[in-house]
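Below are the chains, spelled out letter by letter.
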Amino acid sequence: MSTNVLVIENSIAVDLAVGKSSIRRRILALLMAEPDQRLHLREIQRRVRTSPGTASRELALLVAAGLVEREAEGHQVYFRPTSSPFSTMVRTLLLAPGVQAPDRVPNSLVPVDATLEPVRPPRTIRGSAPARTNSRRPDALGLRVLGRLAEVLGPLYADRLAGVFLYGSRARGDAQPDADVEIVVVLTTIERYGDELERTSAACAGLSLELGLVVSRVFVSEAAWQSGIDGRLRVMRSEAMSG
Amino acid sequence: MSERAVQLVEGAERAIASAHRELDAEDPEAAAERACVAMLRLAKACLDVDGLAPGPTQAVCIAYGSQFGRSGRMYSAYHRWLLDAADLRKASSGDLNLPVDLASIATVVERAEIFRDAVVRFVERNP
């Protein structure tokens, strides 16, 4: 009984604090679930499954309300919860475990990614992928391409190669037949991005022609991969499969 | 040259000019995006000769590879350049925010200009 009263009180308080917009609540819940992380606009938009315009508009309202702060870095803009007492209070209302009553707490209060395990740094990056975060089986074709590329990249990069992983829909096991094969190449250092593309260009184009698909790759430094600060890199790490 | 091919080549020209402006403004994300768009429009102009009109990036890359990647009708490296431009765009996007340098993007823009010249010759030979 007391829990129900608390839930009702919290629902009203959250309504008063952030309004009734479900998208706004989902954005806030996403940000407040990981208050030490900052997220890029597109990452937020993707994770709450809304349009960029809506995400931008709702974020502007949250910034104006003092619940979220905006940080520009170069051409990128990131968002994170403020550390104000008001923000802390709203976070408590949104995410307090004692108020989880399914019939009263809207789904919009649960972070979209709440069902995912937290992304942890791999124990060792070389030769292994981070722990899987879902039980779906990776795509056989994706793994075959990964193996073929790893054979080429090993001698090509030698000690600079820290890891080669499959990510995206083929790693998750939910790929359409013509989906790209998405590969992340982790290197100890990346001096010039275009040079890495050029080194691997023939191998990727050859596989693309052979398979009638697009074999796509990105290069990530070992330091960035291990720190996993940026939102999309964290998602890639959670999906990553080694051969 | 078909009307559609003309439009695509003109669109590629505009994208190349825009990519140069974005390079001058030191905006890697926008420059890489415009350079990739230029490459895609040029690939579509080639495919138009074969009566093909794929839409999404992935479909254009696959169709261009299938029609021109190994056929000898166009220099085979253009297929590589197309895929590299798409990957550079992905790397430069705010989603990933990888450290893509402007010089790497400038290379893609130069390649788009070389590709444009080749495509104009190709579509004029194959109206």
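Residues numbered from 1 in each chain as written. Chains lettered and ligands numbered in written order. Predicted model: local features only at pLDDT ≥ 70, side-chain atom pairs only at ≥ 80, totals over all residues. Heavy atoms only, no water.

### Section: the packing of helix α2 (residues 28-49) of chain B against helix α4 (residues 77-92) of chain B
Each pair of packed helices can be summarised by the angle the axes make with each other and by the distance between the axes. Residues and elements named next belong to chain B. For clarity, the threshold we go by: The angle between two axes is taken between their N-to-C directions and runs from 0 to 180 degrees, where each axis is a line fitted to C-alpha atoms and a helix contributes only its stretch in contact. A helix here means a DSSP run of H or I that spans at least four residues, while a strand means a run of E at least two residues long, and both kinds are numbered starting from the N terminus. Here the angle decides the label: under 35 degrees means roughly parallel, over 145 means roughly antiparallel, 65 to 115 means roughly perpendicular, and every other value means oblique. Each crossing gets its handedness from the near helix: less than a right angle anticlockwise from the far helix is left-handed, clockwise is right-handed. Two residues qualify as a contact provided that any one of their heavy atoms is within 4.5 Å of a heavy atom in the partner residue. Gly is placed with the polar residues, together with every amino acid not listed as nonpolar (Ala, Val, Leu, Ile, Met, Phe, Trp, Tyr, Cys and Pro) or charged (Asp, Glu, Lys and Arg).
The geometry of α2 relative to α4 is characterised by a closest axis approach of 8 Å and an angle of 150° between their N-to-C directions. Regarding the angle of α2 to α4, the classification is roughly antiparallel. The interaxial crossing formed by α2 with α4 has left-handed handedness. On α4, the residues touching Pro28, Glu29, Ala32, Glu33, Cys36, Val37, Met39, Leu40 and Ala43 of α2 are Tyr78, Trp81, Leu82, Ala85, Ala86, Leu88, Arg89 and Ser92. Residues belonging to the contact of α2 with α4 are distributed by class as follows: 13 nonpolar, one polar and three charged.

### Observations regarding the confidence of the model for chain B
Applicable threshold: Confidence of the prediction at every residue is given by pLDDT, a number between 0 and 100.
Across chain B, the average pLDDT comes to 93, with 99% of residues at 70 or higher. At the level of chain-chain contacts, confidence expressed as ipTM amounts to 0.93, with global pTM at 0.66.

### Remarks on the interface of chain B and chain A
Selection rule: When two components associate, each loses some accessible surface as probed by a 1.4 Å sphere; the sum of these losses over both components is called the buried area. Any Lys or Arg side-chain nitrogen located within 4 Å of an Asp or Glu carboxyl oxygen qualifies as a salt bridge. Within 3.5 Å is the distance limit for a polar contact, defined as a pair of N or O atoms, with the added protein rule that one can donate a hydrogen and the other accept it, and that residues adjacent in sequence qualify only through two side-chain atoms.
With 31 residues of chain B at the interface, the matching set in chain A holds 36 residues. Carbon and sulfur atoms supply 52% of the area that chain B and chain A bury against each other, a total of about 2700 Å² over both sides. When the shortest N-O distance is used, the salt bridge between arginine 192 of chain A and aspartate 101 of chain B registers 3.7 Å. Put simply, chain B and chain A have 15 residue pairs in polar contact (both at pLDDT 80 or more) between them. At the level of secondary structure, the elements contributing two or more residues to the side of chain B that touches chain A comprise α2, α3 (57-69), α4 and α5 (102-125) of chain B. Here the element with the most residues in the side of chain B that touches chain A is α4 of chain B; it accounts for eight residues. Split into classes, the residues belonging to the side of chain B that touches chain A amount to 11 nonpolar, nine polar and 11 charged.

### As for the sheet that holds strand β5 (residues 181-187) of chain A
Adjacent strands of a sheet form backbone hydrogen bonds with each other and so pair up, either parallel or antiparallel. Residues and elements named next belong to chain A. Put simply, the rule reads: Strand pairing is assigned whenever DSSP identifies at least 2 bridges connecting the two strands.
Spatially, the three strands line up as an open sheet ordered β4-β5-β6, and their pairing is mixed. Here the strands that pair on one side only, and so sit at the sheet edges, are β4 (161-167) and β6 (215-221). Direction aside, the axes of adjacent strands within the sheet are offset by 20° on average. Summarising the sheet, β4 and β5 pair through six bridges and their orientation is antiparallel.

### Describing the sheet that holds strand β2 (residues 68-73) of chain A
All names here are of chain A. The three strands are arranged β1-β3-β2 in an open sheet whose pairing can be described as antiparallel. Across the chains shown, the open sheet's two edge strands, defined by having one partner strand only, are β1 (39-40) and β2. Where β1 lies against strand β3 (residues 76-81), two bridges are found, and the strand directions are antiparallel. By the bridge assignment, leucine 39 is partnered in β3 with phenylalanine 79. Sheet contacts for helix α2 (residues 22-33): β1, β2 and β3; angle to β3, the most-contacted strand, approximately 80°.

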